[in-house]
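Working through the structure, step by step
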Amino acid sequence: MADLARISEAVIVGNADRTQQLVKQAIDEGTDPEKIIYEGLVPGMNVVGDKFRKNEYYVPEVLIAARAMQRGMDLLQPLLQGRKIRTLGKVVIGTVEGDLHDIGKNLVAMMLKGSGFEVIDLGVDIKADDFVQKAEEEGAHIVAMSALLTTTMPSMKKTIEALKQAGVRSNFKVMIGGAPVTQGYADEIGADGFAPDAASAVDKAKAVSYTHLR
Ligand code: B1M
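Here we summarise the structure given alongside this text. Per chain, residue numbering runs from 1 following the sequence as it is written. Restriction of local features to residues with pLDDT of at least 70 applies here, the model being predicted, together with a cutoff of 80 or more for giving and counting side-chain atom pairs; totals for whole chains, interfaces and linings are based on all residues. Hydrogens and water are ignored here; the side-chain numbers use all heavy atoms of the structure.

Here the focus is a nonpolar patch on the surface. Nonpolar side chains collect at one region of the surface, where Val59, Leu63, Ile103 and Met110 lie side by side and expose about 310 Å² of accessible area between them. A run of H or I in DSSP counts as a helix once it spans at least four residues, and a run of E counts as a strand once it spans at least two, with each numbered from the N terminus. Of all elements in the fold, only helix 4 (59–80) and helix 5 (103–114) reach the threshold of two or more residues within the nonpolar patch. Looking at the element boundaries, Met110 is found in helix 5. Patch rule: a residue counts if its relative accessible area is over 30% and it has no salt bridge; like charges are joined within 9 Å, and nonpolar side chains (Val, Leu, Ile, Met, Phe, Trp, Tyr) within 5 Å. Every accessible area reported is derived by Shrake-Rupley at a probe size of 1.4 Å, with residue values counting cover from the shown protein chains alone. Whenever Lys or Arg places a side-chain nitrogen within 4 Å of a carboxyl oxygen from Asp or Glu, that contact is recorded as a salt bridge.

This paragraph deals with the coordination of the cobalt atom of the ligand. Coordination of the cobalt atom of the ligand by the protein comes from a single atom, His101 (NE2), at 2.2 Å. Within the element layout of this structure, His101 appears in the loop between strand 1 (90–96) and helix 5. Donors, by definition, are the N, O and S atoms found within 2.8 Å of a metal, the threshold being 3.2 Å for Na, K and Ca, and water is not counted, so a site can look incomplete.

All right, on to the sheet that holds strand 5 (residues 193–194) then. Strands qualify as paired when DSSP identifies two bridges or more between them. Here we have five strands laid out as an open sheet, ordered 2-1-3-4-5, and parallel in their pairing. On the outer flanks of this sheet lie strand 2 (118–126) and strand 5, each paired with one strand and no other. In this structure, strand 4 (residues 173–177) lies alongside strand 5, joined through two bridges in parallel fashion. Across the sheet, residue Met175 finds its bridge partner in strand 5, namely Gly193. Helix 9 (residues 198–208) contacts strand 3 (142–146), strand 4 and strand 5 of the sheet and is inclined by roughly 165° relative to strand 4. Residue contacts follow a heavy-atom distance rule, with two residues in contact if any of their heavy atoms lie within 4.5 Å. Interaxial angle, 0 to 180 degrees, is taken between N-to-C directions of lines fitted to C-alpha atoms, where a helix line uses only the stretch in contact.

This brings us to the site of the ligand. Around the ligand sit 27 residues, and of these Leu100, His101, Asp102, Ser146 and Thr150 come closest. Residues adjacent in sequence count toward polar contacts only when both atoms are side-chain atoms; beyond that, a polar contact is any pair of N or O atoms within 3.5 Å, and within protein one must be able to donate a hydrogen and the other to accept it. Interatomic distance of 2.7 Å between a side-chain N/O atom of Asp102 and a nitrogen atom of the ligand. Of all the secondary structure elements, the ones that give two or more residues to the shell around the ligand are helix 5, strand 3, strand 4 and helix 9. Residue contributions to the shell around the ligand peak at four residues, all from helix 5. Among the residues forming the shell around the ligand, the class breakdown is 17 nonpolar, seven polar and three charged. Nearness here has a simple test: a residue counts as near a molecule or strand if at least one of its heavy atoms is within 4 Å of that partner. Residue classes follow a fixed rule: Ala, Val, Leu, Ile, Met, Phe, Trp, Tyr, Cys and Pro count as nonpolar, while Asp, Glu, Lys and Arg count as charged, and any other residue, Gly among them, counts as polar.

The subject of this paragraph is helix 4. Think of an α-helix as turning once every 3.6 residues; residues three or four places apart then point the same way. Given the number of residues in a helix, its expected span is that number minus one, multiplied by 1.5 Å. The end-to-end C-alpha distance of helix 4, which contains 22 residues, comes to 29 Å, matching closely the 32 Å that a straight helix rising 1.5 Å per residue would cover. Fitting axes to the seven residues that end at a residue and to the seven that start at it, the angle between those axes gives the bend at that residue. At Asp74, helix 4 shows its maximal kink, close to 35°; a proline, Pro78, follows between one and four residues later. Residue burial is assigned from relative accessible area. The probe radius is 1.4 Å, only protein chains are included, and a residue is buried under 20% of its type maximum, exposed over 50%, and partly exposed in between. Of the positions making up helix 4, those classed as buried are Val62, Ala65, Ala66, Ala68, Met69, Gly72, Met73, Leu76 and Leu80. For helix 4, the elements touching its buried residues are helix 1 (4–12), helix 2 (16–28), helix 3 (33–53) and helix 5.

Our next topic: the packing of aromatic side chains. Any pair of Phe, Tyr and Trp rings, taking the six-membered ring for Trp, is counted once the centres come within 6.5 Å. Such a pair is stacked with planes under 30 degrees apart, edge-to-face with planes over 60 apart, and tilted for the rest. Counted under the stated rule, the structure contains zero aromatic pairs. Here, a charge over a ring means that NZ of Lys or CZ of Arg falls within 6 Å of the ring centre while also lying within 35 degrees of the ring normal. Over the aromatic face of Tyr57 sits the side chain of Lys51, whose NZ or CZ is 5.6 Å from the ring centroid.

A few words on helix 5. Look at helix 5: 16 Å from first C-alpha to last across 12 residues, which is about the 16 Å you get at 1.5 Å a residue. Of the surrounding elements, those touching the buried residues of helix 5 are helix 3, helix 4, strand 1, strand 2, strand 3 and helix 9. Backbone geometry just after helix 5 places Gly116 at a positive phi near 110°.

So this is what it looks like as structure tokens:
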């Protein structure tokens, strides 16, 4: 009988080899892949998020844990193909137009994935219309934007305007973040959520997301 708590522990300490080995063992023993994710990998990542919030872990530890989690997911993903798995919602995320910073955005994307969201990462320098098109195409629940430059923050507003222009603003929750971004700015441009770091981005995404699959 697979010990899923050991998988959580391997993720928490960022041991990718061990995570992979334990996940493989669990699969070989016939444990349901979803169970491995939601009772092994995800709880581990939740602890990592918690430690990050309490300043017990910093960015490198989180990245290492996320890599361990991904190694486990790599084995599970082929087994989940074609299967409608339980997710907390679908997030389309990107760094806004004119902005090439992606370290924080990647961290947020990894933490969201690790917490059970389906994440479509569009990359950097994403135009407003591309956010709209992808969000629609993917049937996303959340449009998540990152900006690191004060000069690119207005691109967030532009995306919200583009969602309105396309008549689909109410179909999505919009979340924003990045070093220069504030709750005040989120309120000003009509975003649904702001988070100052990757761990609180997960909390915020959970708060704004629908909990069912569309
Ligand atoms: Co640039 N850069 N950079 N840079 N860079 C900053 C941001 C800057 C503050 C440096 C400075 O002057 N002190 C400054 C911005 C000033 C401003 O506008 N306020 C700056 C500048 C000016 C520039 C250039 C214009 C420099 C130039 O060419 N003259 C240029 C712009 C290029 C462009 O984007 N068009 C530029 C380029 C670069 C590099 C390419 C060299 C590189 C980016 C590499 C990469 O990302 N792949 C770079 C870097 C590394 C930085 C610093 C040093 C670090 C940013 C970072 O990765 N932080 C940065 C100075 C600094 O912050 N010390 C700086 C770590 C990361 C984990 O934190 O991204 O804040 P952060 O993400 C956090 C939270 O903000 C939050 O969660 C994350 C994790 O906790 N978060 C979200 C982020 N997105 C979120 C989304 C959410 C929720 C939370 O919901 C959707």
